[in-house]
Every structure is written in structure tokens, then in C-alpha cells.
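The lines below spell out each chain.
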Amino acid sequence: MRIVILGPPASGKGTQAAILRERHSIPQISTGDMLRAATAAGTELGKQAATFMSTGKLVPDEVVVGLVRERLGGDDTKSGFILDGFPRTDAQADALGAMLAELESPLDCALQIDVDRDLLMERATLRRTDVRTGQIYHLKYNPPPPDAELEHRADDLEETVKIRLDQYDEMTAALLPYYKEKGLLRRVDGVGDPKEVTLRIVAVLEKEK
Ligand code: AMP
């Protein structure tokens, strides 16, 4: 199974991609996680990316396309993959199409998780990560245990989330007609308990078989 998960920031892409990774035993390729790892490791690429990420802007296409190209070349992607947070622009979608054509591995579908803007704002600004486990919590909907060591992602601060949502509307929303035209777009309602959202996704993917 080769899928891309689309959806605005805080739509639950990462959570759902991780569930699908376990269900299907295929890698989850998250450009956000890769960029955060590069930043934490202090690499040159990480330092460059951090200036965009901390202000909610998209990292330049050539940087993320390079990361994904390298990652898709790995042996563990032969039986499939879930791309989480990539592509985010037309240029990235074109680059992905070319890479997959070269690998003779076309996409099965592009899954859009729909959530409206007010709820996205609330989700992102109250989202916290336990730095010890990587587990994501929400202060209102999924409160962390008392011993969690919580981190608030700098790009989840209110002003930055607004910019990220604007960037999504300006650049990434264009991918919906892009994949629709190719007959690959599938949409699920991302509102509700994450387990219910998973069931909706599973129902959509079953139809692809
Ligand atoms: P995410 O964890 O997917 O929300 O990504 C966090 C941040 O990483 C984004 O706000 C961007 O700054 C950057 N980023 C992640 N994926 C991409 C991408 N495909 N294109 C450009 N920037 C990205």
C-alpha cells in the first residue's frame, strides 16, 4: 500500500499515519519528523529548516524533496509506505509523481483528513508531546498523565499556527483538485475520537483492495 496522507496541521495526520504503520507494517515517512530530527541533531539542513519551521513557513521544496527521495530509495519501502505531511505543494506532488514513476510504484491513494479551522486551532494550541515517549496528548481531549514531561512545539503557538493554516490554505489545499483529477483523492471526516477516524480510514482503504 502506497498512500499519502494530506490534511491541515493538527488534522490528526501523524496519529493516523502511525496507526496505519502498525496495522500494515509499512514505514511512516513524516517530513515534519525528519526535519525536527535534523534540527535536533544540529545538522546544516536542520539549521536551515528551523528558520522556516519556527515561523510556521514551509521549508523550501528542494530540501524536502531531497529528503523524501533519499528515504523512498530505502529497502523498507518496497512493500509500501505512508507519506505523512508530504507533498505540501504542487511542485512536491510533481516531484513525488516523477520519483514513483521511476520506481514503477504508483500511489494507491491520497487521503485527505477534513477538520475545520476553529477546531484545528484548538487542537494545535493545546497539543503537547511527552518528550520521553514521543506520545502526543491534548490538554482538553486527551490529558497527559501527571508524570509526563511535556513539550509544547514552538510551531504550535497560536500566532504560528495561524500562519501554518494560512500556508496550508494557500499552498497545500491545491493538492485536493490535483489528486482528484488523477482519481486518487479519498476524503474522511477527521472530527471525533481518533479511533473512530481510524475506522473511517480503514473503510476507505478496504475499498482500494
Ligand atoms: P508537520 O509536523 O507535518 O506539521 O510539519 C512541521 C513543519 O515542518 C511545517 O510547518 C513545515 O515548516 C515543515 N514541513 C514539514 N513537511 C513539509 C513539506 N512537505 N514541505 C515543506 N515544509 C514541510
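The structure under discussion appears in the preceding block.
Residues numbered from 1 in each chain as written. Predicted model: local features only at pLDDT ≥ 70, side-chain atom pairs only at ≥ 80, totals over all residues. Heavy atoms only, no water.

Chemist: It is not clear to me how the packing of helix α2 (residues 31-41) against helix α4 (residues 61-72) should be interpreted in this structure. Could you clarify?
Modeler: Pairs of packed helices are described in terms of their axes, by the angle between the two and the distance that separates them. Interhelical geometry of α2 versus α4 gives an angle of 100° and a closest axis separation of 11 Å. As the angle between them shows, α2 and α4 are arranged roughly perpendicular. Two secondary-structure elements touch here, α2 through Thr31, Met34 and Leu35 and α4 through Val63, Val64, Leu67, Val68 and Arg71. (Axes fitted to C-alpha atoms, helices over the stretch in contact; angles between N-to-C directions. Helix = DSSP H or I, 4+ residues; strand = E, 2+ residues; numbered from the N terminus. Parallel < 35°, antiparallel > 145°, perpendicular 65-115°, else oblique. Contact = heavy atoms within 4.5 Å.)

Chemist: Explanation requested: the site of the ligand in the structure shown.
Modeler: For the ligand, the set of nearby residues contains 16 residues, the closest of which are Thr31, Arg36, Lys57, Gly85 and Gln92. Here an oxygen atom of the ligand sits 2.9 Å away from a polar atom, N or O, in the side chain of Arg36. Within the complex, 96% of the 480 Å² of free accessible area of the ligand lies under protein. With four residues, α2 is the largest single contributor of residues to the shell around the ligand. Here the shell around the ligand is composed, by residue class, of six nonpolar, four polar and six charged. (Near = heavy atom within 4 Å. Polar contact = N/O pair within 3.5 Å; in protein donor to acceptor, adjacent residues only side chain to side chain. Areas by Shrake-Rupley, 256 points an atom, 1.4 Å probe, with all protein chains shown as cover. Nonpolar A, V, L, I, M, F, W, Y, C, P; charged D, E, K, R; others polar.)

Chemist: Help me understand the nonpolar core in this model?
Modeler: In a soluble, globular protein the nonpolar side chains are often hidden away together inside. Ranked by internal contacts, the top residues of the largest apolar core, which has 30 residues, are Leu96 and Tyr179. Only β1 (2-6), α3 (44-53), α4, β3 (81-84), α5 (90-102) and α8 (175-181) provide two or more residues apiece to this core. Sort the elements by how many residues they give to this core and α4 lands first, with six residues. Residue contacts for Tyr179: discarding those within four places in its chain leaves Val4, Leu6, Pro87, Ala93, Leu96, Leu107, Ala110, Leu184 and Leu185. Counting residues in each nonpolar core, the second largest holds 22 residues, with Leu20, Ile113, Val115 and Ala124 among its members. (Core = buried A, V, L, I, M, F, W, Y, C linked by side-chain atoms within 4.5 Å. Buried < 20%, exposed > 50% of the residue type's maximum accessible area, 1.4 Å probe, protein only.)

Chemist: Please clarify how the sheet that holds β1 should be interpreted in this entry.
Modeler: Pairing between sheet strands relies on hydrogen bonds along the backbone, with the strands arranged either parallel or antiparallel. The five strands lie next to each other as β2-β3-β1-β4-β8, forming an open sheet whose pairing is parallel. Where the open sheet ends on each side, the last strands, each with one partner, are β2 (28-30) and β8 (185-189). Taking the axes of each pair of neighbouring strands and ignoring which way they run, one obtains an average angle of 25° across the sheet. Of the pairings in the sheet, the one linking β1 to β3 comprises four bridges and is parallel in character. Its bridge partner lying in β3, Ile3 is registered against Ile82. Contacts from helix α1 (residues 13-24) reach β1, β2, β3 and β4 (109-114), with the element oriented near 170° to β3. (Pairing = 2+ DSSP bridges.)

Chemist: What exactly am I supposed to notice about the packing of aromatic side chains here?
Modeler: Here the distance between the centres and the angle between the planes together describe a pair of aromatic rings. Taken as a whole and judged by the stated rule, the model has one aromatic pair. With centroids separated by 5.0 Å and ring planes inclined at 80°, the aromatic side chains of Tyr178 and Tyr179 adopt a geometry described as edge-to-face. Neither Tyr178 nor Tyr179 differs from the other in exposure class; each is buried. Here the basic side chain of Lys182 rests over the ring of Tyr178, its NZ or CZ set 4.8 Å away from the ring centre. (Phe/Tyr/Trp six-rings, centres within 6.5 Å; stacked < 30°, edge-to-face > 60°. Lys NZ or Arg CZ within 6 Å of the ring centre and 35° of its normal.)

Chemist: Please explain the pairing of β4 as it appears in this structure.
Modeler: In the case of a regular strand, side chains alternate between the two sheet surfaces. In terms of burial, β4 is a largely internal element, five of the six residues being buried. Bridging between β1 and β4 involves four bridges; their strand directions are parallel. By the bridge assignment, Ile3 is partnered in β4 with Cys109. Strand direction decides the pairing type here: β4 and β8, joined by five bridges, are parallel. Note on β8: the bridge partner recorded for Asp114 is Asp189.

Chemist: Quick question: what am I supposed to make of the pattern of salt bridges here?
Modeler: Opposite charge on two side chains makes pairing possible when the charged atoms of those side chains draw close. Inspection of every chain in the model, using the stated rule, returns 16 salt bridges. When the shortest N-O distance is used, the salt bridge between Lys140 and Glu122 registers 2.9 Å. Highlighted residues: Lys140 in the loop between β6 (136-138) and β7 (150-151) and Glu122 in helix α6 (residues 117-125), separated in sequence by 18 residues. A salt bridge links Lys162 to Glu159, with the nearest nitrogen and oxygen atoms 3.4 Å apart. Residue Lys162 and its partner Glu159 are both found in helix α7 (residues 158-172); the two are separated by three residues, about one turn of the helix. For Lys162, a relative accessible area of 34% corresponds to the partly exposed category. Residues joined in a network through salt bridges with shared partners are Arg127, Arg153, Asp155, Asp156 and Arg164. (Salt bridge = Lys/Arg side-chain N within 4 Å of Asp/Glu carboxyl O.)

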